[in-house]
Amino acid sequence: MSTLRLGDTAPDFEQDSSKGRIKFHEYLGDSWGVLFSHPADFTPVCTTELGYTSKLAQEFAKRNVKVLALSVDEAASHQKWIGDINETQNTTVDFPILADADRKVSTLYDMIHPNASATATVRSVFVIDPAKKVRLTITYPASTGRNFDEILRVIDSLQLTDQYSVATPVNWKDGEDVIILPSIQDPEVIKSKFPKGHTVVKPYLRTTPQPNK
Ligand code: BEZ
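The present account deals with the structure reproduced in this document. Because the structure is predicted, anything quoted here is derived from the model rather than measured. (Residues numbered from 1 in each chain as written. Predicted model: local features only at pLDDT ≥ 70, side-chain atom pairs only at ≥ 80, totals over all residues. Heavy atoms only, no water.)

### A word on the site of the ligand
So, point 1. Taken together, Pro39, Thr43, Pro44, Val45, Cys46, Arg123, Ala142 and Ser143 make up the full set of residues near the ligand.
So, point 2. Valine 45 places a polar main-chain atom, nitrogen or oxygen, 2.7 Å from an oxygen atom of the ligand.
So, point 3. Contact distances for the ligand include 2.9 Å between an oxygen atom and a side-chain N or O atom of arginine 123.
So, point 4. Notes on the ligand: free accessible area 260 Å², of which the protein chains cover 67%.
So, point 5. Here the shell around the ligand gets 3 residues from one element, more than from any other, and that element is helix H2 (residues 44–55).
So, point 6. Of the residues belonging to the shell around the ligand, the class tally is 5 nonpolar, 2 polar and 1 charged. (Near = heavy atom within 4 Å. Polar contact = N/O pair within 3.5 Å; in protein donor to acceptor, adjacent residues only side chain to side chain. Areas by Shrake-Rupley, 256 points an atom, 1.4 Å probe, with all protein chains shown as cover. Helix = DSSP H or I, 4+ residues; strand = E, 2+ residues; numbered from the N terminus. Nonpolar A, V, L, I, M, F, W, Y, C, P; charged D, E, K, R; others polar.)

Set out below in structure tokens:
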């Protein structure tokens, strides 16, 4: 599989998981998806990442996002590891972890970078929209835990773009002003789409209050 790029269709697959067989596109249904890889079971950084992701369950649900983790071990190993995660991170992991011992999905999604490790995956994240298009890819080294608040922030930004024709500026946080997409030029359209008004800083930089607040 060549590297997946933004806008590509996320490849479908069928694989075992801690919650039984998963058919990826069927699992996602009409939801957004976050597919993210872990180098291996019983590793410290992954334990903290999965625990934190589990605690964000309501945040993902609010945004209509289904979460799917991947680790290159068997489902029985995942079950034991989930026990450790629940115990040490004070949570109950409720999303599936793909059992990718045969590296089928890791290879399909180019999650193994041989010059980093021949066998373990790097920390990949794919955000996938309801049309099954890849909307975000992130690659972190195995030794650096990811920022899952940032993943939620990007999903918020993507959903605002899709629903309201806005982009989000540097370090944007939920509730702050956003940017009207440069493709929106018709003054009547601007008036109807942005009833809270807008500010023309430069003709190409127009801000408006976050439309869904
Ligand atoms: C891990 O927890 O997955 C990990 C920690 C240090 C180096 C590499 C991986």
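### Remarks on the nonpolar core
As a rule of thumb, soluble globular proteins bury nonpolar side chains together.
So, point 1. Val34, Phe36, Leu50, Phe60, Phe95, Val127 and Ile151 are the most contacted members of the largest nonpolar core, which totals 26 residues.
So, point 2. In terms of residue count, helix H6 (residues 148–164) provides more of this core than any other element does, 6 residues in total.
So, point 3. Ranked by size, the runner-up nonpolar core spans 18 residues in total, among them Leu4, Ala10, Leu35 and Leu70. (Core = buried A, V, L, I, M, F, W, Y, C linked by side-chain atoms within 4.5 Å. Buried < 20%, exposed > 50% of the residue type's maximum accessible area, 1.4 Å probe, protein only.)

### Re the side chain of histidine 78
So, point 1. Structurally, histidine 78 can be placed in helix H4 (residues 75–89).
So, point 2. There is a polar contact of 3.5 Å between the side chain of histidine 78 and the backbone oxygen of serine 71.
So, point 3. Not counting the four nearest positions on each side in its chain, histidine 78 is found in contact with Ser18, Asp41, Ser71, Asp73, Ile97, Leu98 and Ala99. (Contact = heavy atoms within 4.5 Å.)

### Side note on the pattern of salt bridges
Charged atoms that come close allow side chains of opposite charge to pair.
So, point 1. On inspection of all chains with the given rule, the structure shows 13 salt bridges.
So, point 2. Residues arginine 63 and aspartate 156 are paired through a salt bridge, measuring 2.6 Å at the closest nitrogen-oxygen approach. Residue arginine 63 is found in the loop between helix H3 (57–62) and strand S4 (65–71), and its partner aspartate 156 is found in helix H6; the two are separated by 93 residues along the sequence. No difference in accessibility class separates arginine 63 from aspartate 156, as the two residues are buried.
So, point 3. For the salt bridge of arginine 135 with aspartate 162, the shortest nitrogen-to-oxygen distance reads 2.9 Å. Of this pair, arginine 135 sits in strand S7 (residues 134–140) while aspartate 162 sits in helix H6; the two residues are 27 residues apart in sequence, bridging distant segments of the chain.
So, point 4. According to the relative accessible area criterion, aspartate 162 is partly exposed, its value standing at 44%.
So, point 5. One connected set of salt bridges, linked through shared partners, spans Glu59, Lys62, Arg63 and Asp156. (Salt bridge = Lys/Arg side-chain N within 4 Å of Asp/Glu carboxyl O.)

### Quick notes on the sheet that holds strand S3 (residues 32–38)
So, point 1. Taking strand neighbours across the sheet as the criterion, the 5 strands line up as S5-S4-S3-S6-S7 in an open arrangement whose pairing is mixed. Edge positions in the sheet fall to strand S5 (97–99) and S7, since each has one partner strand and no second. Across the sheet, the axes of successive neighbouring strands diverge by a mean angle of 20°, strand direction being ignored.
So, point 2. Lying on the sheet, H2 is in contact with S3, S4, S5 and strand S6 (123–128); it crosses S3 at an angle near 160°. (Pairing = 2+ DSSP bridges. Axes fitted to C-alpha atoms, helices over the stretch in contact; angles between N-to-C directions.)

### Points about the side chain of serine 18
So, point 1. Tracing the sequence through the fold places serine 18 in the loop between strand S1 (14–15) and strand S2 (22–23).
So, point 2. Each residue touching serine 18, except ones within four places of it in the same chain, is listed here: His78, Gln79, Ile82, Phe95, Pro96 and Ile97.

### Here's the deal with the environment of glutamate 74
So, point 1. As for its position among the elements, glutamate 74 is in the loop between S4 and H4.
So, point 2. Its relative accessible area of 52% is what places glutamate 74 among the exposed residues.
So, point 3. Distance in space between the C-alpha atoms of glutamate 74 and aspartate 41 is 9.1 Å, their sequence separation being 33 residues.
So, point 4. Excluding its chain neighbours within four sequence positions, the residues that come into contact with glutamate 74 are Asp41, Ala99 and Ala101.

### What about the sheet that holds strand S11 (residues 205–208)?
So, point 1. Across the sheet, which stays open at both edges, the 4 strands sit in the order S8-S9-S11-S10 with antiparallel pairing between neighbours. Across the chains shown, the open sheet's two edge strands, defined by having one partner strand only, are strand S8 (166–167) and strand S10 (199–202).
So, point 2. As paired strands, strand S9 (residues 178–180) and S11 are joined by 2 bridges and run antiparallel to one another. Paired with isoleucine 179 across the two strands is threonine 207, which belongs to S11.

Worth remembering: the numbers are spatial, not functional.
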